[in-house]
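Notes for the structure review
Each chain is listed here by its residues.
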Amino acid sequence: TQLLEQSPQFLSIQEGENLTVYCNSSSVFSSLQWYRQEPGEGPVLLVTVVTGGEVKKLKRLTFQFGDARKDSSLHITAAQPGDTGLYLCAESSGSARQLTFGSGTQLTVLP
Amino acid sequence: SAVISQKPSRDICQRGTSLTIQCQVDSQVTMMFWYRQQPGQSLTLIATANQGSEATYESGFVIDKFPISRPNLTFSTLTVSNMSPEDSSIYLCSFLPYGGYTFGSGTRLTVV
């Protein structure tokens, strides 16, 4: 089972600031997913990246997949309080395609 | 998109008792997954439940402690047996429809 490391573990910023969250592995990802989880809810899929070097944008969120497919980043521009949540990267692997999650980044955006 | 209904949403239980968590999906799915999320932490896979066969458990999780049923393609249950305070966590079910994984809203379990 692959070990996915996320950094930072906690991030508290003011509204309007930019931030980047990182997800790294010692092994190559087949594909990588990013989720956001709010309190009392399950994780919600934000994006799936598949191709090395891929960049995807979702409004103020930009997702990058490393050329070697061993790392990924999530950049949020002009963060808003509604962006507050636990951000998780995850890889789908195994015969049943079960998800292995990263350690998570708890983001708090203060108004 | 497909919807998962998970219940109960939360419970407070006495140590030594058992709790059964239910997940209902509004479409037929082959695989369902059960995860545990300890407070402030990430998700850890407990087991994979395939309809018609025994669940496959991850390292550190055993059937006697976390029995799973999967009687049909839309329903699954996870039982947390002989609970101790260390079992206090959020338990989530998940499945993989077309378009990406979908999760239930979780069951927040507190064992006292």
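Refer to the structure presented above.
Report on the accompanying structure.

Quick notes on the rules
- Residues numbered from 1 in each chain as written.
- Chains lettered and ligands numbered in written order.
- Predicted model: local features only at pLDDT ≥ 70, side-chain atom pairs only at ≥ 80, totals over all residues.
- Heavy atoms only, no water.
- Contact = heavy atoms within 4.5 Å.
- Buried area = accessible area lost by both parts, 1.4 Å probe.
- Salt bridge = Lys/Arg side-chain N within 4 Å of Asp/Glu carboxyl O.
- Polar contact = N/O pair within 3.5 Å; in protein donor to acceptor, adjacent residues only side chain to side chain.
- Helix = DSSP H or I, 4+ residues; strand = E, 2+ residues; numbered from the N terminus.
- Nonpolar A, V, L, I, M, F, W, Y, C, P; charged D, E, K, R; others polar.
- Pairing = 2+ DSSP bridges.
- Axes fitted to C-alpha atoms, helices over the stretch in contact; angles between N-to-C directions.
- Disulfide = S-S within 2.5 Å.
- Buried < 20%, exposed > 50% of the residue type's maximum accessible area, 1.4 Å probe, protein only.

**Examining the interface of chain A and chain B**
- Contacts between the two partners involve 19 residues from chain A and, on the opposite side, 18 residues from chain B.
- Between chain A and chain B, roughly 1400 Å² of surface is buried when both sides are summed, and carbon and sulfur atoms account for 57% of that area.
- Across the contact surface, chain A and chain B share 0 salt bridges.
- Counting every contact that joins chain A to chain B gives 4 residue pairs in polar contact (both at pLDDT 80 or more).
- Elements with a minimum of two residues in the side of chain A that touches chain B: β4 (32-37), β9 (85-93) and β10 (98-101) of chain A.
- Class assignment of the residues belonging to the side of chain A that touches chain B gives a composition of 8 nonpolar, 9 polar and 2 charged.

**Here we look at the sheet that holds strand β1 (residues 4-7) of chain B**
All names here are of chain B.
- Ordered by their spatial adjacency, 4 strands build an open sheet running β1-β3-β8-β7, and the pairing between neighbours is antiparallel. The sheet is open, and its two borders are formed by β1 and β7 (68-72), each paired with just one other strand. When strand polarity is set aside, the average angle formed by the axes of neighbouring strands in this sheet is 15°.
- Sheet topology places β1 next to strand β3 (residues 19-25); 4 bridges connect them, and they run antiparallel. Each residue of the ladder has a partner; that of Lys7, found in β3, is Gln22.

**Quick word on the state of the cysteines**
- Applying the stated rule across the entire model yields 2 disulfides over all chains.
- A disulfide bridge connects A:Cys23 with A:Cys89, and the sulfur atoms are separated by 2.1 Å. Across the disulfide from A:Cys23 to A:Cys89, rotation about the S-S bond amounts to roughly 75°, and the bridge is consequently right-handed. One end of the pair, A:Cys23, is in strand β3 (residues 19-24); the other, A:Cys89, is in strand β9, and 66 residues separate them in sequence. There is no split in this pair, since A:Cys23 and A:Cys89 are both buried.
- B:Cys23 shares a disulfide with B:Cys93; S-S distance 1.6 Å.

**Some details on the sheet that holds β3(A)**
Residue and element names in this part refer to chain A.
- On the basis of which strands lie adjacent, the open sheet formed by 5 strands has the order β1-β3-β8-β7-β6 and antiparallel pairing. Both outer strands of the open sheet, β1 (5-7) and β6 (55-58), are each paired with one neighbouring strand and no more. Neighbouring strand axes in the sheet, compared pairwise and without regard to direction, differ in orientation by 15° on average.
- Two elements, β1 and β3, share 3 bridges in a ladder whose sense is antiparallel. Counted as the bridge partner of Ser7 is Tyr22 from β3.

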